[in-house]
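Tertiary structure, described
Here is what each chain is made of, one letter per residue.
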Amino acid sequence: MANSELVTAADVRLMQGLAQRVTATRPDLVNGDATFGELAWSWGRGHARNGASWRRRLWFSGGDLVAWGWARLPRRVRLSDGSVKDVTGACLVYQVHPDHAGLVDEVIDWYDGTAADVERTVLASAADGFALERWAAHGYGTDPASLGDTGDWTQLNVRDLDDVERPALPAGYRFRTADEAGPEAAVQAHLDAWAPSTYTAEDYQGVRRTTGYRGDLHLLVEAPDGTMASSAIMWLDGVNGTVEFEPVGTHPGYRRLGLGRAVLLHGMRLARAAGARQATVACLGAPGHPQARGLYYGVGFRAFTRDAPLIMAGTAG
């Protein structure tokens, strides 16, 4: 059984449940934007602003969600610096349970029908050979923009939490949580790290309402002058004993002080105390984007799997 309409909070909870079931058996087949934490973060921060341009379809078997597609259609995006960006293509996030792999053809057909006239991109797992064959059979090829040293594909990194180094902050800096610092400080920390950004106070309220968000696992580093200089949100999956960092960022005026390293180590120790056995974090994987990758490798993460960005040209015009 399948159906198609706008993406709701209840849909995202179902999608997160499928992410947990796939993680339990074939974690390498979880698509990069379809993880437990990324789903909550993406929907929470964007549904109020972009939800009208989001379409989804769900496939069920025996009452369980076994596949879904989330198409993000063309839209206009306003950034925090006042600029406006027109997104002219469509992007698909999807997941198919490996026991129902054949449904990927139905996902592709639905996506092609939903965004037929525009350029269409999709992120599949590079480890999912069957799905990659089916996307190719439908005419999708490697996205040229993803190739080369500055490509925008992502890799997922992983490490266990058996032995986590104690974090060290510069003198006068201290760890805080979003629960302690409050919404305004949490939003400003994100804007400072990622400017220009689409993020707003309303977006943060959406994030807070998602399944898996915990204000005590939303970490900040406060500088001596009161600036929230670094931040990270952790998404704890109690079913699988994993924690996912998304996003992680540092104010440009406070970089190269070891704050990102400290907040990651502090977070992993908190996650371990909360029952997590493994941590994951994603980053751009192309050679021309070494900064985040180097940070994560420096605290014990290793590459686990990566996205395979695919594209189909549109027919409009």
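Residues numbered from 1 in each chain as written. Predicted model: local features only at pLDDT ≥ 70, side-chain atom pairs only at ≥ 80, totals over all residues. Heavy atoms only, no water.

Some words on the overall build of the protein
What counts here: In DSSP terms, a helix is any run of H or I states spanning at least four residues, a strand is any run of E spanning at least two, and both are numbered starting from the N terminus. Restricting the calculation to C-alpha atoms gives the radius of gyration, and the globule rule supplies 2.2 Å times the number of residues raised to the power 0.38. A 1.4 Å probe rolled over the protein chains alone gives each residue an accessible area, and that area as a share of the maximum for its type sets the label: buried under 20%, exposed over 50%, partly exposed in between. In what follows, a contact means two residues having at least one pair of non-hydrogen atoms within 4.5 Å. Accessibility throughout is a Shrake-Rupley quantity obtained with a 1.4 Å probe, and a residue counts as covered only by protein chains that appear here. When charges are counted, Lys and Arg contribute as positive and Asp and Glu as negative, whereas His and the chain ends are disregarded. For the purpose of locating charges, the reference atoms are NZ of Lys, CZ of Arg, CG of Asp and CD of Glu.
Helix and strand counts for the protein come out as 9 helices and 15 strands. A compact globule built from 317 residues would reach a C-alpha radius of gyration of about 20 Å, and the protein, at 19 Å, matches this within 12%. Seen through its principal axes, the protein has C-alpha atoms that stretch 55 × 45 × 40 Å. A buried classification covers 51% of the 317 residues belonging to the protein. Of the contacts made within the protein by residues no fewer than 6 positions apart, 72% connect residues no fewer than 24 positions apart. Here the protein has roughly 13800 Å² of accessible surface; of this, 50% comes from carbon and sulfur atoms. Both charge centroids of the protein, one from 31 positive and one from 37 negative side chains, sit 4 Å from each other.

Quick look at unusual backbone geometry
Proline 196 follows alanine 195 through a cis peptide bond whose omega is -10 degrees. Geometrically, the link from glutamate 246 to proline 247 is a cis peptide bond, its omega value of -5 degrees lying close to zero. Position of proline 247 among the secondary structure elements: in strand β13 (residues 242-250). For arginine 256, which is not glycine, the phi torsion reads 65 degrees and is therefore positive. Looking at the secondary structure, you find arginine 256 in the loop between β13 and α8 (259-273). Judged by relative accessible area, which is 87%, arginine 256 ranks as exposed.

As for the environment of alanine 279
Looking at the element boundaries, alanine 279 is found in strand β14 (residues 278-284). Residues alanine 279 and asparagine 157, 122 residues apart in the sequence, show an inter-C-alpha distance of 8.3 Å. Dropping the residues within four chain positions of it, alanine 279 is found in contact with Asn157, Val158, Arg159, Leu161, Val243, Phe245, Met268 and Phe301.

Observations regarding the pairing of strand β9 (residues 154-160)
Quick note on the threshold: Strands are treated as partners if at least two bridges between them are detected by DSSP.
Of all the 7 residues making up β9, 5 are buried; the element is thus mostly covered by neighbouring parts of the structure. Across 7 bridges, β9 lies against β14 in antiparallel orientation. Bridging from a neighbouring strand, threonine 154 pairs with leucine 284 of β14. As judged from the 4 bridges shared by β9 and strand β15 (residues 302-312), these two strands associate in the antiparallel manner. Within β15, the residue paired with asparagine 157 across the bridge is alanine 303.

Thoughts on the nonpolar core
Selection rule: Among buried residues, the Ala, Val, Leu, Ile, Met, Phe, Trp, Tyr and Cys ones that are joined through side-chain atoms within 4.5 Å form a nonpolar core.
Counting residues in each nonpolar core, the largest one holds 28 residues, and the members touching the most others are Leu161, Val243, Phe245, Met268, Ala279, Tyr296 and Phe301. Listed by contribution, the elements that provide at least two residues to this core are β11 (218-222), β12 (228-237), β13, α8 and β14. Ranked by residues supplied to this core, first place goes to α8 with 6 residues. Ignoring sequence-local partners within four residues, the contact set of tyrosine 296 consists of Asn157, Val248, Leu264, Val281, Ala282, Cys283 and Phe301.

Observations regarding the pattern of salt bridges
Operational definition: In what follows, salt bridge is the name for a side-chain nitrogen of Lys or Arg lying within 4 Å of a carboxyl oxygen of Asp or Glu.
For the structure shown, the criterion picks out 12 salt bridges. One salt bridge in this structure joins aspartate 28 and arginine 26, with 2.7 Å as the shortest N-O distance. By relative accessible area, which is 35% here, arginine 26 ends up partly exposed. Here arginine 134 makes a salt bridge to aspartate 105, at a shortest N to O gap of 3.0 Å. With arginine 134 in helix α4 (residues 129-137) and aspartate 105 in helix α3 (residues 104-114), this residue pair connects regions lying 29 residues apart in the sequence. Residue classification places arginine 134 among the partly exposed positions, given a relative accessible area of 26%. Through salt bridges that share partners, Arg174, Arg176, Glu180 and Glu222 make up one connected network.

A closer look at helix α7 (residues 201-208)
To keep things clear, this is the line we draw: Arc, as used here, means the arc of the directions from the helix axis to the C-beta atoms.
Among the residues of α7, those classed as buried are Asp203, Tyr204, Gly206 and Val207. Buried residues of α7, seen end-on, are gathered within an arc of 155 degrees and therefore sit on one face of the element. Summarising the contacts, the buried residues of α7 are in contact with α2 (36-50), α5 (178-181), α6 (183-194), β11 and β12.

So, the packing of α8 against helix α9 (residues 290-298)
Describing two packed helices takes the angle between their axes plus the distance from one axis to the other. Stated formally: In this analysis an axis means a line fitted to C-alpha atoms, helices contributing only their contacting stretch, and an angle means the value between N-to-C directions, from 0 to 180 degrees. Convention used here: angles under 35 degrees read as roughly parallel, angles over 145 as roughly antiparallel, angles from 65 to 115 as roughly perpendicular, and any remaining angle as oblique. The sense of a crossing depends on the near helix, which, turned anticlockwise from the far helix by less than a right angle, makes the crossing left-handed and, turned clockwise, makes it right-handed. Gly counts as polar in this scheme, as do all residues outside two lists: the nonpolar Ala, Val, Leu, Ile, Met, Phe, Trp, Tyr, Cys and Pro, and the charged Asp, Glu, Lys and Arg.
Where α8 meets α9, the axes come as close as 10 Å, and the angle between the chain directions of the two elements is 45 degrees. The pairing of α8 with α9 is recorded here as oblique in orientation. Both α8 and α9 take part in a crossing whose hand is right-handed. Here Gly260, Arg261 and Leu264 of α8 come into contact with α9, specifically with Leu295, Tyr296 and Gly298. Across the contact of α8 with α9, the residue classes break down as 3 nonpolar, 2 polar and 1 charged.

Re the packing of aromatic side chains
The cut-off we apply is this: Only Phe, Tyr and Trp rings are paired, with Trp represented by its six-membered ring, and only when their centres lie within 6.5 Å; those with planes under 30 degrees apart are stacked, over 60 edge-to-face, the remainder tilted. Definition used: whenever NZ (Lys) or CZ (Arg) falls within 6 Å of the ring centre and also within 35 degrees of the ring normal, the charge is taken to sit over that ring.
Enumeration according to the criterion identifies 7 aromatic pairs in this entry. When the centroid spacing of 4.9 Å and the interplanar angle of 75 degrees are considered together, the rings of tryptophan 54 and tryptophan 70 count as edge-to-face. Of this pair, tryptophan 54 sits in strand β2 (residues 54-61) while tryptophan 70 sits in strand β3 (residues 64-72); the two residues are 16 residues apart in sequence, bridging distant segments of the chain. As far as the burial class goes, tryptophan 54 and tryptophan 70 line up, both buried. A centroid spacing of 6.2 Å and a plane angle of 75 degrees characterise the contact between tyrosine 296 and phenylalanine 301, whose relative ring orientation is edge-to-face. Looking at tyrosine 296, the relative accessible area reads 5%, which means it is buried. Counting every residue linked through ring pairs, the aromatic cluster contains Tyr94, Trp135 and Tyr140. Sitting over the face of the ring of tryptophan 70, arginine 72 holds its NZ or CZ atom 4.2 Å from the ring centroid. For the cation-ring pair, arginine 306 lies above tryptophan 153, with the distance from its terminal atom to the ring centre recorded as 3.6 Å.

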